[in-house]
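Chain and residue survey
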Amino acid sequence: MKVVLFTKFNEAWNTRELGEYLTSVGYDGIDLPVRYGYHFNPDNVRETLPQAVRVWSEMGLTCELISTETNLIDPANRDSLAIYEAAAEAGVPLVKIGFFRHSPGEDYWEKVSAAREALEGFARLSERTGVKTVYQTHSGTCLGSNCAGIMHLLRGLDPKWVGAHVDGGHIAINGEDIEMGLAMCRDYLTVIGAKDARHVPDRRPNRPAPYGPAFVFLGHGAAHWRRLLKIAKTWGFDGPITVHTEYTEDQDVLFTVGGKDLSEGAGSRREVGAVEDLRFLRREWERA
């Protein structure tokens, strides 16, 4: 079991700065965003990634996963080709693509059909490059918002080339028994996303309901982390567990996951959470 950090909030850091920070905290490696506006982006990834992986390897770190732009869902897109080919050259085994989304009034099954067609294209790209595609469970309007939903997309595809990135926090928000959910996607389980979440009062004037989601430190929310880790360990799971540190300074305030609170307080909270979440995972994995 490798614990890696999703370095979304370190977009300006160069290769060595990232490596030095991760080794000082105790992570095994990196879940690397390759996105526009970041040090590593689709325009330079072919040059920067292989060099960076060599530096990180010398520091005892691995780059387990690339996370693309959240709207990258076309396997023929030039950015997709650049990222997969760079990952193949650098020896990065996994690429997490973007999200297929559902809008009000759309036919759900037509959207699923279109998404599966795209995923078949990603599977072919994966087979050609040797880099596996993963798709994340994500609450909200994303297709595959829990394990049941993700299997609408993945079932029947070759699990050698397409896998599930199961996120405990998003499943806690969307509601699904973790044992049943994992059983659905057992053959596809490739990455575990380390988030936790709970519902808190929503005092916004346009609130859709009296309570809304807040993303918190691991073990402080509604995600069944002990059960999830015990199941994964029993199955011999050896894929990466990726910590996202998506929380704000005050954990009793609503937070739009995926957003970027760059305030000083939020940054301090993430620094604490990166350490605490890692400790939680190490401890609970040993207990499992």
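Overview of the structure. Every value quoted in this text rests on a predicted model; they were computed, and no experiment measured them.

Some details on the layout of surface pockets
When its volume is computed, the second largest pocket comes out at roughly 250 Å³. Lining the second largest pocket are 13 residues; nearest its centre among them are Phe9, Asn10, Trp13, Arg270 and Glu271. Every element with two or more residues in the lining of the second largest pocket is listed here: β1 (2–6) and α9 (264–287). Take the lining of the second largest pocket: its biggest share by element is four residues, from α9. Split into classes, the residues belonging to the lining of the second largest pocket amount to seven nonpolar, three polar and three charged.

Some thoughts on the packing of helix α2 (residues 45–58) against helix α3 (residues 78–90)
Look at α2 against α3: their axes get within 9 Å of each other, and the N-to-C directions meet at 25°. Overall, the two elements α2 and α3 adopt an arrangement that is roughly parallel. For the crossing formed where α2 meets α3, the hand is right-handed. Contact residues: Val45, Arg46, Leu49, Pro50 and Val53 in α2; Leu81, Ala82, Ile83, Glu85, Ala86, Ala87, Glu89 and Ala90 in α3.

Observations regarding empty space enclosed by the protein
Inspection of the entire model under this criterion finds two cavities of 30 Å³ or more. Of the volumes computed, that of the largest cavity is approximately 50 Å³. As for the largest cavity, its lining consists of Thr7, Asn10, Glu11, Trp13, Leu18, Leu32, Pro33, Tyr38, His39 and Phe40. Looking at the lining of the largest cavity residue by residue, the classes come out as six nonpolar, three polar and one charged. For the lining of the second largest cavity, the class distribution of residues is four nonpolar, two polar and four charged.

Definitions and limits used
Residues numbered from 1 in each chain as written. Predicted model: local features only at pLDDT ≥ 70, side-chain atom pairs only at ≥ 80, totals over all residues. Heavy atoms only, no water. 1 Å grid on protein atoms, 1.4 Å probe; cavity = no way out; pocket = protein on both sides within 12 Å on 5 of 7 lines; lining within 4 Å. Points joined across faces, edges and corners; volume = space filled by probe spheres on them. Helix = DSSP H or I, 4+ residues; strand = E, 2+ residues; numbered from the N terminus. Nonpolar A, V, L, I, M, F, W, Y, C, P; charged D, E, K, R; others polar. Axes fitted to C-alpha atoms, helices over the stretch in contact; angles between N-to-C directions. Parallel < 35°, antiparallel > 145°, perpendicular 65-115°, else oblique. Left-handed = near helix turned anticlockwise from the far one by under 90°. Contact = heavy atoms within 4.5 Å.

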